[in-house]
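The lines below spell out each chain.
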Amino acid sequence: MVNYFLDIFANVSWLAAMPSGTQFVLAALMTGLPLFLFVAINALIAVYAERKISAFMQDRLGPMGQGVGLHAGKWGLLQTLADALKLILKQDIIPALADRKLFILAPFIIFIAAFVAIAAMPFNQHILAADFNIGVFFILAVGSVGVIGIIMAGYSSNNKWSLYGAMRSAAQIISYEIPAALSILTVIMLTGSLQMQEIIKAQSGTIWGILPNWFIFNNPFTFLAFFLFFISGVAETNRTPFDLPEAESELVAGFHTEYSGMRWAFFFLSEYANVFIVSGITAVAFLGGWQSPISGYLDGPIWGLVWFFGKVSFLILVMMWFRWTFPRLRTDQLMRMGWKYFLPASLVNILGVGLWDLVVN
Amino acid sequence: MTDTLDLELGSVQAEEMVLNMGPQHPSTHGVLRLKVRTDGEIVTHITPYIGYLHRCFEKHCENVTYEQVIPYTDRCDYIASMNNNFGYAVAVEQLMDIKVPEKVEHIRVIVAELNRIASHLLAVGTFGLDVGAFTPFLYCFRDRERILDLFEMLCGARLLYSYIWIGGLSHDLPVGWVEKTYEFLDYFEPQVEEYNNLLTFNKIFIERTADVGVLPREVAISYGVTGPNLRGSGVKWDLRKDDPYSIYDRFEFDIPIGTGVMGTVGDCWDRYYIRIREIEESAKIVRQALEQLPRDGDVHEALPKKIRPPKGHIYSRTETPRGDLGYYIISDGKPIPYRLKMRSPAFTALSCINEISHGWMISDVFAILGSLDIVLGEIDR
């Protein structure tokens, strides 16, 4: 996307006259700002959806209002906006004994990790901030930077609950990153590329003329890899049933117990950004990204957006469904699941995909 | 207590950490403070500190008349006020040798069992909340709400009823209440299946609760644990059957006991499942009592004009949703009790927390605490 803007600048005389550094910064801003807006709007919509979906699952109404004024709008549509406003206006509290520098820095590191990962997310055939040749690797690598922020938040708060949350989170995210990376490796083996667009393009066409040629349907091993990756992804986003780092009934609020106002909102933003990333990468790697489910039909760029967001929304819905159905696992059970079942299974998967590729294809 | 780990890099000191759980904490079920010593995430010792909700219940009782004690009993176990009223009324009636009319007895059993269902629903729901499942909690509240509506219709209150009086009841049944209760039972009985599907037999829930916090039979008896917690340990002890008061001997119902289907007898899952089973049994009792309920009669018939028990003392116990609730009353012939002592089942249940939770993880402490179903109002009094 940056290069795309730079090409445009080169053709406009007064822009081309500017120093190349300025041009680059301008192009980067034009790419980055919409992404930032997207992260914020994504959180707004996701929070509203989460509230309404959880309400429907729990036999409640969720946020409701009668109209404009001091109400939360029709069907509570303005509820998240009102909440955002409240969070901005709230007093910013930093505990007296906290490590100030780390305390202030932590939410930004977590947010940046989530935000940067979206740069490599292809929304359709053309909209993609940065088409790296290492796209998948980049997202996985950047995703683990968030752990540092979580540890910083937990340590600097000078609160025992936060420390427990941070410790749990570090252990959890690292344990689940390995099966996640190994299961996405199966897709990379079949594609031979780490580039997101290449992975999606490799999924065009059909299998036996009926099923779309998505990697989830490609062979039994990738089918399993889809579930392994998605569940590991849910574990990485710290959501129920893997929400041990936050665990409101145990650790009060885990690593962000001491945060309030806008600082807390950054944790919130990045949680929903992470949810989007995990769903997005699952959709790209296993569900054909922006590919139409009926091969050859409705596959223009606009439809590409519709399919991509449709698939991502479905996966986000599944994650919310998890959250409002399951109890929480215990730390040792979580570790056991990660290291004893997911890791061997994903290793076997790699072997299986290799053999399948050798024998069948 | 420090352990020294000798590593090649030198020696690392490992220290135990003291965690203060509460009195402000989302899952301590009130204002309980637990001082937890932990080794990593493993709990080595728990000391419960109580008294944050102490309101001098027993001392107050020495200064008010016998009728005026009833609202105080409401505020002890505020989740099951009907049962607390019931226990107190039975104690004073025994002391004064009052025979209450049939209709009153039936209504008392109906409201006490409905209240038991409501209380167990809360216990089940909050236990789900303690292990991280939010939805069952709201399902339980949705159904509990209907019981509260019935009680509101009955006496105007939704939590602190003061409905059962010495020798009678505060109000007669309003028109249409019996039909509404039938309606509720028809709606409610199939709902238990939903809780089972959503929570009881959920794999993660079983992982979290089976084999966790095992309260062995002997330990339970030696600590004086009663109610569902004792029955979860496999002891068939229920005052409604073993020492029947009121008219409980007329009804057909089972006493569910823990069998250790999912793990060990007396684990958190057993204690939880006892409550689900008791909900079903209580619904059965309510149905029978409604069928036998005499339609006419005055609930104020046996109300004594003056409550002035003869000199003497009485210890009377009833089965509340939390266990044996005992009232020990000494009367010196005056209209105010000379001394009133309450034996709180939740207090004894809490006392065994260190015994059953050391060696488990922090997450399990909440599961164990939730499975004991304590109410701080009754512990602190």
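For the structure itself, look to the data block above.
Notes on the sheet that holds strand S3 (residues 17–21) of chain B
All names here are of chain B.
- If you trace the 3 strands from one edge of the open sheet to the other, you get S3-S4-S5, paired in antiparallel fashion. Unpaired on one side and paired on the other, S3 and strand S5 (42–49) mark the two borders of the sheet. Here the strands of the sheet are splayed against their neighbours by 20 degrees on average, with no regard to which way each runs.
- Relative to S5, strand S4 (residues 33–39) runs antiparallel, the two being bridged by 7 bridges. Each bridged residue has a counterpart across the sheet, and for Arg33 the counterpart in S5 is Tyr49.

What to know about helix H7 (residues 191–200) of chain B
Residues and elements named next belong to chain B.
- Along H7, the positions that sit buried rather than exposed are Tyr195, Leu199 and Thr200. The buried residues of H7 all sit within an arc of 70 degrees when viewed along its axis, so they share a single face. Opposite the buried face of H7, by more than 90 degrees, sit the exposed residues Glu193, Glu194 and Asn197.
- Each element contacted by the buried residues of H7 is listed here: helix H4 (102–130), helix H5 (135–155), helix H8 (203–209) and helix H12 (268–292).

Considerations on unusual backbone geometry
- In the Ramachandran plot, A:Asn238 falls in the positive-phi region, its phi being about 60 degrees despite a non-glycine side chain.
- With respect to the element layout, A:Asn238 can be found in the loop between helix H10 (220–236) and helix H11 (261–286).
- According to the C-beta neighbour criterion, A:Asn238 is buried, with 25 such atoms within 10 Å.
- Non-glycine residue B:Ser162 carries a positive phi angle of around 50 degrees.
- For B:Ser162, the position within the fold is in the loop between H5 and strand S6 (164–165).

Points about the sheet that holds strand S10 (residues 339–343) of chain B
Residue and element names in this part refer to chain B.
- Spatial strand order, S8-S9-S10: 3 strands in an open sheet with antiparallel pairing. With one partner strand each, in any of the chains shown, strand S8 (312–320) and S10 form the two edges of the open sheet. On average, each strand axis in the sheet is tilted by 15 degrees relative to the strand beside it, whichever way the strands run.
- Of the pairings in the sheet, the one linking S8 to strand S9 (residues 323–331) comprises 9 bridges and is antiparallel in character. Paired with Ile314 across the strands is Ile329, a residue of S9.
- Each of S8 and S9 touches helix H3 (residues 81–96); the most contacted strand, S8, lies at about 150 degrees to it.

Conventions used here
- Here the residue numbers are simple positions, counted from 1 along each chain's written sequence.
- Chain A is the first chain written and ligand 1 is the first ligand written, with later ones labelled in order.
- Confidence filtering applies because this is a predicted model: local features only for residues at pLDDT of at least 70, side-chain atom pairs given and counted only at 80 or more, and all residues used for totals across whole chains, interfaces and linings.
- Two strands qualify as a pair provided that DSSP identifies no fewer than 2 bridges between them.
- Only DSSP runs of H or I reaching four residues or more are called helices, and only runs of E reaching two or more are called strands; each is numbered from the N terminus.
- Axis geometry follows a simple rule: fit a line to the C-alpha atoms, using only the stretch in contact for helices, then measure angles between N-to-C directions, giving values from 0 to 180 degrees.
- Remark: C-beta atoms are placed from the backbone, and a residue is labelled buried if 20 or more other C-beta atoms sit within 10 Å of its own, exposed if 12 or fewer do, or partly exposed between those counts.
- Directions are taken from the helix axis to each C-beta atom, and the arc is the one they span.
- Any two residues are considered in contact once their C-beta atoms, placed from the backbone, lie within 7 Å.

Just geometry here; none of it tells us what the structure is for.
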